[in-house]
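Now for the letters of each chain:
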Amino acid sequence: MTASLAAPARATLPSRLSWTAFTLQEVVRGWRLPYAPAARIDALQARRVRAIVAHAYATVPFYRDAMNERGLVPGDIRSAADLSLLPLVTGAALAADPWRFRSTAVAHEPLLELTTSGTTGHAKRIWWDRAAVFRARAAGVHQRRIISEILGRSRGSRVLLVVRRGGTGDDVRAFHDAHSLLADPSASGIAAISPEDAFEHNRSIVNHLRPDVLMGFGSYVGALYRWAQRSGRAIHVPKLVWHGGEQLPDVDAELLAQRFGIAVRSSYQACEALRIAVECPPGGGLHVYADQVVVRIADDAGRTVAPGQRGQVVLSCLTNRATVLLNYAIGDVASMASEPCACGRTLPRLERLEGRADDLVRLPDGEVAHDSVLLSRLYAVPGVVRLQLVQETLDRFTIRVAHTAELDEATLRERLTSALRDALGGRDVRIDVAIADRLAPDASGKFRTVVSRVRDGATTVDSATR
Ligand SMILES: [Zn+2]
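Residues numbered from 1 in each chain as written. Predicted model: local features only at pLDDT ≥ 70, side-chain atom pairs only at ≥ 80, totals over all residues. Heavy atoms only, no water.

Looking at this structure, I do not really get a positive patch on the surface. What am I missing?
Together, Arg 40, Arg 47, Arg 50 and Arg 78 line one region of the surface with positive charge. Turning to its location among the elements, Arg 78 is positioned in the loop between α3 (61-69) and β1 (89-90). Here Arg 78 falls in the partly exposed class, since its relative accessible area comes to 45%. (Patch = residues over 30% accessible without salt bridge, like charges linked within 9 Å, V, L, I, M, F, W, Y side chains within 5 Å. Areas by Shrake-Rupley, 256 points an atom, 1.4 Å probe, with all protein chains shown as cover. Salt bridge = Lys/Arg side-chain N within 4 Å of Asp/Glu carboxyl O. Lys, Arg positive; Asp, Glu negative; His and termini not counted. Charge placed at Lys NZ, Arg CZ, Asp CG, Glu CD. Helix = DSSP H or I, 4+ residues; strand = E, 2+ residues; numbered from the N terminus. Buried < 20%, exposed > 50% of the residue type's maximum accessible area, 1.4 Å probe, protein only.)

For this particular structure, what's the right way to read the coordination of the zinc ion?
Ideal values for angles at a metal depend on the geometry: 109.5 degrees with four tetrahedral donors, 90 or 180 degrees with six octahedral donors. For the zinc ion, the full set of protein donor atoms is Cys 280 (SG), His 287 (NE2), Cys 341 (SG) and Cys 343 (SG), at a range of 2.1 to 2.3 Å. Around the zinc ion, the four donor atoms sit at angles spanning 102 to 114 degrees, and that spread fits a shape best called tetrahedral. All donors of the zinc ion belong to a single chain; written as a sequence motif, their spacing is C-x6-H-x53-C-x1-C. The exposure classification of Cys 341 matches that of Cys 343, with both residues buried. (Donors = N, O, S within 2.8 Å, 3.2 Å for Na, K, Ca; no water. Tetrahedral: all angles 85-135°; square planar, octahedral: opposite > 155°, others 65-115°.)

When you look at the pattern of salt bridges in this model, what are you seeing that I'm missing?
Side-chain pairs of opposite charge can arise whenever the charged atoms involved come near each other. All told, the structure shown has 22 salt bridges when counted by the stated rule. Note that Lys 124 is salt-bridged to Glu 272, the shortest N-O span being 3.0 Å. With a gap of 148 residues between them, Lys 124 in strand β3 (residues 124-128) and Glu 272 in the loop between β8 (263-268) and β9 (277-279) connect regions that are remote in the sequence. As far as the burial class goes, Lys 124 and Glu 272 line up, both buried. The partner of Arg 203 in a salt bridge is Glu 200, with the nearest N and O atoms 2.9 Å apart. Taken as a pair, Arg 203 and Glu 200 lie in helix α7 (residues 199-209) at a separation of three residues, close to a single helical turn.

Would you take a moment to explain the nonpolar core for this structure?
A general trend in soluble globular proteins is that nonpolar side chains are found buried together. In terms of nonpolar packing, the biggest core is built from 53 residues, with Tyr 63, Trp 128, Tyr 268, Ile 276, Val 295, Leu 326 and Leu 350 touching the most fellow members. The residues contacting Val 295, other than those within four sequence positions of it, are Ile 276, Val 288, Val 313, Val 314, Leu 315, Met 336 and Leu 350. Listed in part, the 25 residues of the second largest apolar core include Val 361, Leu 375, Val 381 and Val 450. (Core = buried A, V, L, I, M, F, W, Y, C linked by side-chain atoms within 4.5 Å. Contact = heavy atoms within 4.5 Å.)

Looking at this structure, I do not really get the domain arrangement of the chain. What am I missing?
Interfaces are often sized by the amount of accessible area the parts lose when they come together. The assigned domain composition of the chain is domain 1 (1-358) and domain 2 (360-465). Relative to domain 2, the C-alpha centre of domain 1 lies at a distance of 26 Å. (Domains from an automatic or database assignment.)

Help me out: how do you make sense of the sheet that holds strand β19 (residues 430-435) in this one?
Pairing between sheet strands relies on hydrogen bonds along the backbone, with the strands arranged either parallel or antiparallel. The sheet built from four strands is open, its strands ordered β19-β18-β17-β20 with mixed pairing. The outermost strands of the open sheet, each flanked by one partner alone, are β19 and β20 (450-452). Recorded for the sheet is a direction-independent mean angle of 15 degrees between the axes of neighbouring strands. Along the sheet face, helix α10 (residues 371-379) touches β17 (384-393), β18 (396-403) and β20 and points at about 135 degrees away from the line of β17. Where helix α11 (residues 409-423) meets the sheet, its contacts fall on β17, β18 and β19, and the angle it forms with β19 comes to roughly 140 degrees. (Pairing = 2+ DSSP bridges. Axes fitted to C-alpha atoms, helices over the stretch in contact; angles between N-to-C directions.)

Teacher, can you tell me more about the pairing of strand β4 (residues 159-162) here?
Note on strand geometry: in a regular strand, side chains alternate between the two faces of the sheet. As judged from the four bridges shared by β4 and strand β6 (residues 213-216), these two strands associate in the parallel manner. Bridging across to β6, Val 162 finds its partner in Gly 216. Sheet topology note: the β4/strand β5 (residues 192-193) ladder contains two bridges and is parallel. Bridge pairing in β5 places Leu 161 opposite Ala 192.

Help me out: how do you make sense of unusual backbone geometry in this one?
Within the chain, Asn 327 stands out as a residue other than glycine whose phi angle is a positive 60 degrees. Position of Asn 327 relative to the elements: it lies in the loop between β12 (311-317) and β13 (328-336). Phi is positive for Ala 405, which is not a glycine, with a value near 65 degrees. By the secondary structure assignment, Ala 405 is in the loop between β18 and α11. Under the relative-accessibility criterion, Ala 405 is labelled exposed at 56%.

Printed below as a string of structure tokens:
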């Protein structure tokens, strides 16, 4: 996820007070929801489905046209299950024309704009209205309750973020700050480390702050702790690593859990849906924020599959009235749990989420570069539609790119080369740029934005040296 907007102007005090009150009210309303009877959760979802469908039909060009073409009216979609009557929307469709998914009713209100390159490598723009942003903020309280349960205490836990500077989280926090009086506990005087910095630098921050929780890029945390272990450097061990739903390589999960005795849990969110699901204290599954989003698992044709069966994650965001996304295939794979969870929460539960795989690029001097850092720089070059970064050897890279011809080819090559070189800290590497008309998924049907041929070899070495 990437974004790069200036801090939004601060709203008036009465307005900030009113959004603060709204958020607290949402926290209170949602307090018992994770344990509510299924019928109550279904009824709440159905109400929100009907409201967002009516809004989409009235004000969102894509859904009005799609429903008219299918002879549907809002009254035909009464419940979460009925959302599958709508066409399956892909990331490519959203990337191609974000305005088709944007409501005409939000032109005059402040919006949070997020941009993402995501798993599919398509640059997408998503706008969020204030009520949706603050509903997501309220749901964050639920996540903190879970963290407190895992840590065994409700106050005073230190969280250190592991994020890219200027990433989506920063934009969301700046928006909270501009429109409410809610300072994020982890955001004021924010403690964060970034994969842009050297391992040694980040180790010294971890040792200085001694956090209870490291929250963010799980695969980077894995790489940091593996580096510390291999090089014999002492590093503070947190109680919990909380990662963002990306696919944590098994070697990393094992290293953190077995070697260091750290609990590893995750939440699932995206620019397209700020709260999707959250893991609970026992672990092993992610409870869906059913008041914020409808999640179903579908086969390739878009038909809902039975619990326990693997398929694509299709979500409908119930809260966002700016960019409306219903029946949206987000590009991840999972199955829905069929058994109730041991934790007592009744919210539907995803299991075996195969989210995006974070790809760390190994550098010649033993450091790593995180794909979000590299991609945010490369996507900032004008005219880039889709790209793929291939690390051929430790010091040789190929950027495959499809572009809109906004820059001539020579300039495009030069800009991409220098953007990557900068992102790699000026290291002496060879960079080739291959311009393509289109970039196709690999044989498995999955498009990989970063392909590291080195990583695949190094993983074997890692396993051998654990
Ligand atoms: Zn649970």
